[in-house]
Amino acid sequence: MDSVDVIVLLLAAVAVLFYTNRTKLTSIFFGNDDSITVNSSSGDIVTVLKENKKNYLVLYASQTGTAEDYAKSFAKELISKFSLNVMCTDVENYEYDNLDTVSVPVSIFISTYGEGDFPDNAANFESFLNNIESSDLTNLKFTLFGFGNSTYEFYNGAAKRTLKALKSAGATLIGSYGEADDGSASTDEDYLSWKSKIFDDLKTSLNLDEQEDIFKPSFKYEVIDEKVNGKVALGEPCQEYLPRNKLPFSKEKNVFTGPFNANFPYVAPITASRELFQSDDRNCIHAEFDVSGSNLKYSTGDHLAIWPSNANETVEKFLAVFSLNPDEIFNLTPLDATIKLPFPCPTTIGSVVRHYMEITGPVSRKFFSSLVQFAPNNEIKERLEELSNDKDQFAVEITSKYYNIADAVSYLSNEKPWTTIPWTFLIESLARIQPRYYSISSSSLSEKQTIHVTAVVENIPNNKSGNPIIGVTTNLLRNIQLNQSLNEKISGPSLPCTYDLSGPRNLFEDSKLPVHVRRSHFKLPSNPRTPVIMIGPGTGVAPFRGFIRERCKMLELQSNLKLGKHLLFYGCRNNDDYLYKDEFPEYIEKMDGLLELFVAFSRLPGSEKVYAQDMLKENEEQVLSLMKQGAFIYVCGDAKSMAQAVHATLIDILRRGLQISAAEATEMLKMFKTTGKYQEDVW
Ligand code: FAD
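Residues numbered from 1 in each chain as written. Predicted model: local features only at pLDDT ≥ 70, side-chain atom pairs only at ≥ 80, totals over all residues. Heavy atoms only, no water.

As recorded in an unreviewed UniProt entry, the protein goes by NADPH--cytochrome P450 reductase and comes from Kazachstania africana.

Following this line, the structure appears as structure tokens:
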């Protein structure tokens, strides 16, 4: 790596740090859309605990909402089982310098993202941990649970670093450290088995009395008997979009200024979209978001976060199963000042179900066990108890059938609606719908004001109750693409689901969706002479399209530019799902021999299965020679099998080519990773 690259990597790290803190600065200066003022002028966690007479603290650091969801449900159980006065909060909201004086137990839930990284919003917590000194925290008693994915090298890295830091500072771990593995799809089961033990440990260690699980709401719920007015949120992504408010705007630059981020997305028009697959049974959407009306910026290799809404069919079933009136307008008032509103209020039940609640995905056993108290009759109560206590039976009857919450509940009641589950319980128990991330497939040099994404549509034809199993965001993108296409019409039978494309108060009309940009470390070497090896099967090709467009634009702008060799190893099933097939000849011509494309087909009729890593191996001489010249290696796409197979192939290539041991080759790749010469963007 040359010194320019080191500087660029450092600048990127500083930019990420600034970016993550910017979120916090934003919420301080502009107010977080769904926050309430805490009953304290202090940002110090210990002061806020004392002022609000809390006797237990639950902290979470969440990237995609999973740690937040589990932390909140853990906190609710502490309240309902042990009558504790719990404060549950995102680590980003407070300072921890006085944690040595904390007198209440603390449970921490923390996700790991990317290469063992802390979530974006945990920058201040991470720096607190990095700077605590030994025996600073002897007062602190804590439990810790990590959310990670064992297919990544630094599995649960953030949680493990937290454990090490707290223990070395003298804090006492109650019970045992727990971790969940998304890589083996066992997050819920890992949590449940840890939780059952930790509750026993907490009972003993804190001398707690257990009582029957009774839901205690955290909000005062008021029905508002008025017509919808400008103050009522109808699913706007945040308060700033309500008619009574104005989006921050720069007259000078003639753009909305946000600042747009994970708390405040920009509602961007999709100005072009197209279907990339040619098969009847699978779809992949190319969509172009125009951000010229905003000050939203991206750089090649970043991620676009798309904020979805639920499909009509899912919303309707959910409302029907829980006997909910979508038009009811209500307001929530937190019962104590440390609790945040989960979405802008007042609002309507229908808006919450459609725009703010995660209701499509698989139902968890954790959620099932919390329903026991609301069973409409003894028979269903027994069934709920049986299923929530027996993970194998739950897997057979619920998980293997791909049931979502509404499917599972109506399966238990033989399709009869449940009238016994309070709406407030659903509000507090279901996670808020999360944005989905996409590797940007355009180049910020060539497409300054548009952001392209390449999204494969997630569909499984039918679950056991006859409903299609859909991915929320990708089917929404497909609906928009079909709506935009002149030749095709959206028709019920050909689509597994439909959406309200106009959005709240027509905010999403004309193909608009809320988006924000997430900075990524996945960046081309700054020195264009450095050779580049890209491996990206399927939609893993997305950022490489961006990289290649960037190089083509650079050549267009500087005719005498000296460019290194670029190899792209791409894999698909056959010609029907060969992404951007029509574009590659042009890129190859523009790069004049400096771009070589290797395509592996895994399902060509009459041919053997070939994968991207096989192509890599076939061309190992060239790969090794470029590695010797300091090539940067990039891998994008499937984290589970592809990234590991590529990693193993690279070790083999290094081992054979350099006559070293597998351990030495592994160490070498590790070093490449640390220095940014081997970068992964996998999911
Ligand atoms: P979701 O609603 O999130 O559903 C996820 C899966 O669950 C789907 O397969 C769905 O069919 C299934 N499902 C739904 N309901 C149930 C049920 N009841 N039971 C069991 N299963 C169920 N994807 C791309 O296509 N292109 C990219 O460039 C890309 N880049 C990414 C970059 C990053 C950094 C990350 C983290 C992910 C990236 N992804 C990319 C994946 C993407 O973020 C989404 O996860 C993916 O598109 C699915 O989103 P969705 O909302 O359509 O599906």
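After that view, the rundown keeps rolling.
1. Some details on the UniProt feature "binding site: NADP(+)" (unreviewed entry) in the protein
UniProt feature "binding site: NADP(+)" (unreviewed entry): in the numbering of this structure it lies at R282, T539, S602 and R603. Tracing the sequence through the fold places T539 in the loop between strand 20 (532–535) and helix 15 (542–557). Sequence-distant contacts of T539, defined by excluding residues within four places in its chain, comprise C284, T454, A455, V456, L579 and W683. Mapped onto the fold, S602 is located in the loop between strand 22 (595–601) and helix 17 (612–618). Residue class for S602 comes out buried when judged on its relative accessible area of 12%. (UniProt positions renumbered as here; feature names shortened; annotations may be inferred. Helix = DSSP H or I, 4+ residues; strand = E, 2+ residues; numbered from the N terminus. Contact = heavy atoms within 4.5 Å. Buried < 20%, exposed > 50% of the residue type's maximum accessible area, 1.4 Å probe, protein only.)

2. With respect to unusual backbone geometry
Between G258 and P259 the backbone carries a cis peptide bond, its omega angle lying at 0°. For P259, the position within the fold is in the loop between strand 9 (255–256) and strand 10 (266–275). The omega torsion across C345 and P346 is -5°, close enough to zero to call that bond cis. For P346, the location among the structural elements is in the loop between strand 13 (329–334) and strand 14 (347–348). The backbone of E415 shows a phi angle near 70°, a positive value even though the residue is not glycine. Considering the arrangement of structural elements, one finds E415 in the loop between helix 12 (405–412) and helix 13 (423–429). Phi is positive for Y580, close to 55°, though the residue is something other than glycine. Examined against the element boundaries, Y580 turns out to sit in the loop between strand 21 (566–572) and helix 16 (584–590). Under the relative-accessibility criterion, Y580 is labelled buried at 1%.

3. Looking at the packing of helix 4 (residues 123–131) against helix 5 (residues 157–168)
Where helix 4 meets helix 5, the closest approach of the two axes is 9 Å, and the angle between their N-to-C directions is 40°. By the angle between their directions, the pair helix 4 and helix 5 is classed as oblique. Of the two elements, helix 4 crosses helix 5, and the hand of that crossing is left-handed. Contact residues: F125, E126 and L129 in helix 4; R161, T162, A165 and L166 in helix 5. (Axes fitted to C-alpha atoms, helices over the stretch in contact; angles between N-to-C directions. Parallel < 35°, antiparallel > 145°, perpendicular 65-115°, else oblique. Left-handed = near helix turned anticlockwise from the far one by under 90°.)

4. So, helix 14 (residues 472–484)
With 13 residues, helix 14 ought to run about 18 Å at 1.5 Å a step, and its terminal C-alpha atoms sit 19 Å apart, in line with that. Helix 14 sits mainly inside the fold: eleven of its 13 residues count as buried. Three or more residues of helix 14 are buried, namely V472, T473, T474, N475, L476, L477, R478, N479, I480, Q481 and L482. (Expected span 1.5 Å × (residues − 1).)

5. As for the site of the ligand
Looking at the ligand, there are 26 residues lining it, with Y437, Y438, E458, T473 and T474 nearest. Between the ligand and Y402, the relevant distance is 3.0 Å, taken from a nitrogen atom to a main-chain nitrogen or oxygen of the residue. Taking T474, its side chain carries an N or O atom lying 2.6 Å from an oxygen atom of the ligand. If the ligand stood free it would expose 970 Å²; the protein chains cover 81% of that surface. Secondary-structure elements contributing two or more residues to the shell around the ligand are strand 15 (436–439), strand 16 (450–456), strand 18 (469–470) and helix 14. The element that contributes the greatest number of residues to the shell around the ligand is strand 15, accounting for four residues. (Near = heavy atom within 4 Å. Polar contact = N/O pair within 3.5 Å; in protein donor to acceptor, adjacent residues only side chain to side chain. Areas by Shrake-Rupley, 256 points an atom, 1.4 Å probe, with all protein chains shown as cover.)

6. With respect to the environment of F343
Within the element layout of this structure, F343 appears in the loop between strand 13 and strand 14. Using a relative accessible area of 3% as the deciding quantity, one classes F343 as buried. Spatially, the C-alpha atoms of F343 and E236 are 9.4 Å apart, while their sequence positions differ by 107 residues.

7. Here we look at the side chain of D90
Here D90 lies in strand 2 (residues 86–90). This buried residue, D90, is left without a salt bridge; K340 holds the nearest opposite charge, at 6.4 Å. At 2.9 Å, the side chain of D90 and the side chain of N121 are in polar contact. Not counting chain neighbours up to four residues away, the residues in contact with D90 comprise Y60, Y96 and N121. (Lys, Arg positive; Asp, Glu negative; His and termini not counted. Salt bridge = Lys/Arg side-chain N within 4 Å of Asp/Glu carboxyl O.)

8. Remarks on the domain arrangement of the protein
Where the parts come together, the accessible area they lose is often given as the size of the interface. Partitioning the protein into structural domains gives domain 1 (1–32), domain 2 (45–206), domain 3 (219–236 + 312–429), domain 4 (247–309 + 435–518) and domain 5 (532–682). Counting from both sides, the interface comprises 25 residues of domain 4 and, opposite them, 21 residues of domain 5. Of the charged contacts, one joins R282 and D577 as a salt bridge, the two residues approaching to 3.0 Å between their closest N and O atoms. Counting residues per element, the ones that place at least two in the side of domain 4 that touches domain 5 are strand 11 (284–290) and strand 16. Examining the composition of the side of domain 4 that touches domain 5, we find that five residues originate from one element, strand 16, more than from any other. Tallied by class, residues from the side of domain 4 that touches domain 5 come to eight nonpolar, 14 polar and three charged. (Domains from an automatic or database assignment. Nonpolar A, V, L, I, M, F, W, Y, C, P; charged D, E, K, R; others polar.)

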